[in-house]
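Residue strings, one per chain:
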Amino acid sequence: MAGPTPPVRVLVAKPGLDGHDRGAKLVARVLRDAGFEVVFTGIRRRVDDIAATAVQEDVAVVGLSILSGAHLALTRRTVEALRAAGGDDIPVVVGGTIPASDVARLREAGAAAVFPTGTSLEEIVADIRALTVVPHAVADTEE
């Protein structure tokens, strides 16, 4: 009989020069309270370091918190860095100060979900859950 399923791991990262982490810490706490295991990178992280941490920590999702206005470039670069690091199966979600007009562009850049300012915490949790649902393994009935 298998033991309890370990919690889904989520990386919350602050790429670039943005030093404001209040929103990222709030989201990290809400995700923890919802049962996720959260790895928080801290502020001012390089995209390559975020990708390496995501692969090393075996996370199911990378969440970028971006307030600097560089969300398109940082999202694109993070998706590319994950591919280069062998984490091309890890979805990237982006939240922060994001104009509605950039949501579709972020999706085109590889974001699996986008959370502009004002997105409810419940919606963030629900979307992360939807991205991390692991199909139950089908039992092998052959002997």
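Here the structure is shown first, and the text comes after it.
Conventions and cut-offs
- Residues numbered from 1 in each chain as written.
- Predicted model: local features only at pLDDT ≥ 70, side-chain atom pairs only at ≥ 80, totals over all residues.
- Heavy atoms only, no water.
- Salt bridge = Lys/Arg side-chain N within 4 Å of Asp/Glu carboxyl O.
- Helix = DSSP H or I, 4+ residues; strand = E, 2+ residues; numbered from the N terminus.
- Buried < 20%, exposed > 50% of the residue type's maximum accessible area, 1.4 Å probe, protein only.
- Axes fitted to C-alpha atoms, helices over the stretch in contact; angles between N-to-C directions.
- Parallel < 35°, antiparallel > 145°, perpendicular 65-115°, else oblique.
- Left-handed = near helix turned anticlockwise from the far one by under 90°.
- Contact = heavy atoms within 4.5 Å.
- Nonpolar A, V, L, I, M, F, W, Y, C, P; charged D, E, K, R; others polar.

(A) Structural view of the pattern of salt bridges. The tally for this structure, following the rule as stated, stands at six salt bridges. Residues R9 and E57 are paired through a salt bridge, measuring 3.1 Å at the closest nitrogen-oxygen approach. Taken together, the positions of R9 in strand β1 (residues 9-13) and E57 in the loop between α2 (47-56) and β3 (61-66) put the pair 48 residues apart, joining distant regions of the chain. Judged by its relative accessible area of 25%, E57 falls in the partly exposed class. Here K14 makes a salt bridge to D18, at a shortest N to O gap of 2.7 Å. On the basis of relative accessible area, D18 is assigned to the buried category, the value being 6%. Salt bridges here are not isolated pairs; linked through shared partners, they connect R9, E37 and E57.

(B) Main features of the packing of helix α1 (residues 22-33) against helix α5 (residues 121-131). As a packed pair, α1 and α5 sit with axes 10 Å apart at the nearest point and diverge in direction by 60 degrees. Here α5 runs oblique to α1, going by the angle between their axes. As for the relative orientation of α1 and α5, their crossing is right-handed in sense. For the pair formed by α1 and α5, the contact residues are L26, V27, V30 and L31 on the first element and L121, I124, V125 and I128 on the second. Of the residues contributing to the contact of α1 with α5, the split by class is eight nonpolar, no polar and no charged.

These figures capture arrangement, not role.
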